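Summary of structural features
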Amino acid sequence: MKASSFLSLLLLLCFSFQIISSAVVDDICSFVGDSYVNREFCLKTLSSDPRSKTADADGLAVISVEIAVAKAAEVKTRIEAQLKGAADAYEKDRAQAALQIFSNVVSTFEWSVKSLKSKFRSGPLSLLTVGQDVVVTIDQLVDMGKLGNDFQLLGSLAAAIVRHLH
């Protein structure tokens with residue numbers, strides 16, 4: 001009987017914790033819905049990382065920027081591939097310009113993660129905003145297609161969550 005009571009109590013605590021955790025994600029995604037970020041996109045993105053189930057608002061900010069870092073690395077890789085595969089000098093110059101413009105975005109976003117982990121929020125917000133604007137510029141130089149759009153959405157999500165922390 002005692003084991004059954006203990007198990008019931010343990011399950012109740014687990015479900016209660018999940019409800020609280022889900023409430024934090026829901027709260028954040030409801031907030032960012034007012035920041036030109038689709039609420040469903042927010043929920044899908046944050047839920048893609050298992051850490052979001054137990055994260056507080058600060059943790060969700062870190063997670064969102066880490067997801068954006070991974071996408072930024074993909075963008076940089078795409079630009080490098082376009083530079084290598086440039087058919088002529090004009091395409092090569094455009095790809096080199098895009099790479100130069102985008103060159104610091106990955107490291108800047110990584111710095112933002114470190115800063116957020118130490119509870120410093122002002123710098124990362126500015127850098128995330130600039131980072132998402134950069135992709136608009138490079139998309140005019142090289143065709144980023146869906147990848148560029150995805151990065152811009154993730155950057156917007158990360159910036160909106162960090163803005164929520166202020």
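What counts as what
Residues numbered from 1 in each chain as written. Predicted model: local features only at pLDDT ≥ 70, side-chain atom pairs only at ≥ 80, totals over all residues. Heavy atoms only, no water. Phe/Tyr/Trp six-rings, centres within 6.5 Å; stacked < 30°, edge-to-face > 60°. pLDDT = per-residue confidence, 0-100. Contact = heavy atoms within 4.5 Å. Helix = DSSP H or I, 4+ residues; strand = E, 2+ residues; numbered from the N terminus. Salt bridge = Lys/Arg side-chain N within 4 Å of Asp/Glu carboxyl O. Core = buried A, V, L, I, M, F, W, Y, C linked by side-chain atoms within 4.5 Å. Buried < 20%, exposed > 50% of the residue type's maximum accessible area, 1.4 Å probe, protein only.

In this structure the tally under the stated criterion is three aromatic pairs. A connected cluster of aromatic rings, assembled from ring pairs, spans F102, F109 and F151.

Below, the discussion takes up the confidence of the model for the protein. Here the protein shows a mean pLDDT of 85. Residues at 70 or above account for 87%. Note on residues 5-21: pLDDT is under 50 here. Beyond four places in sequence and across chains, it has three contacts.

A word on the environment of L128. In this fold, L128 is placed in helix α6 (residues 122-141). In this structure the C-alpha to C-alpha distance between L128 and L154, which are 26 residues apart in sequence, comes to 9.8 Å.

Turning next to the pattern of salt bridges. Tallying each qualifying case throughout the model produces nine salt bridges. A salt bridge links R51 to E66, with the shortest nitrogen-to-oxygen separation between them at 2.5 Å. In this pair, R51 sits in the loop between α2 (39-47) and α3 (57-84) while E66 sits in helix α3, placing the two residues 15 residues apart along the sequence. K146 is the partner of D150 in a salt bridge, and the nearest nitrogen-oxygen pair spans 2.9 Å. Residue D150 and its partner K146 are located together in helix α7 (residues 145-165), separated by four residues, close to a single helical turn. Among the charged side chains, a network of salt bridges with common partners joins D49, R51, E66 and K117.

Bringing the nonpolar core into the picture now. Counting residues in each nonpolar core, the largest one holds 46 residues, and the members touching the most others are L46, I79, F102 and I138. Only α1 (2-32), α2, α3, α4 (89-102), α5 (105-117), α6 and α7 provide two or more residues apiece to this core. If sequence neighbours within four positions are ignored, I79 has contacts with A95, A98, L99, F102, I138, V142 and M144.

As a further point, take unusual backbone geometry. The backbone of K119 sits at a positive phi, close to 70°, despite the residue not being glycine. Secondary-structure assignment places K119 in the loop between α5 and α6. The class for K119 is partly exposed, based on a relative accessible area of 48%.

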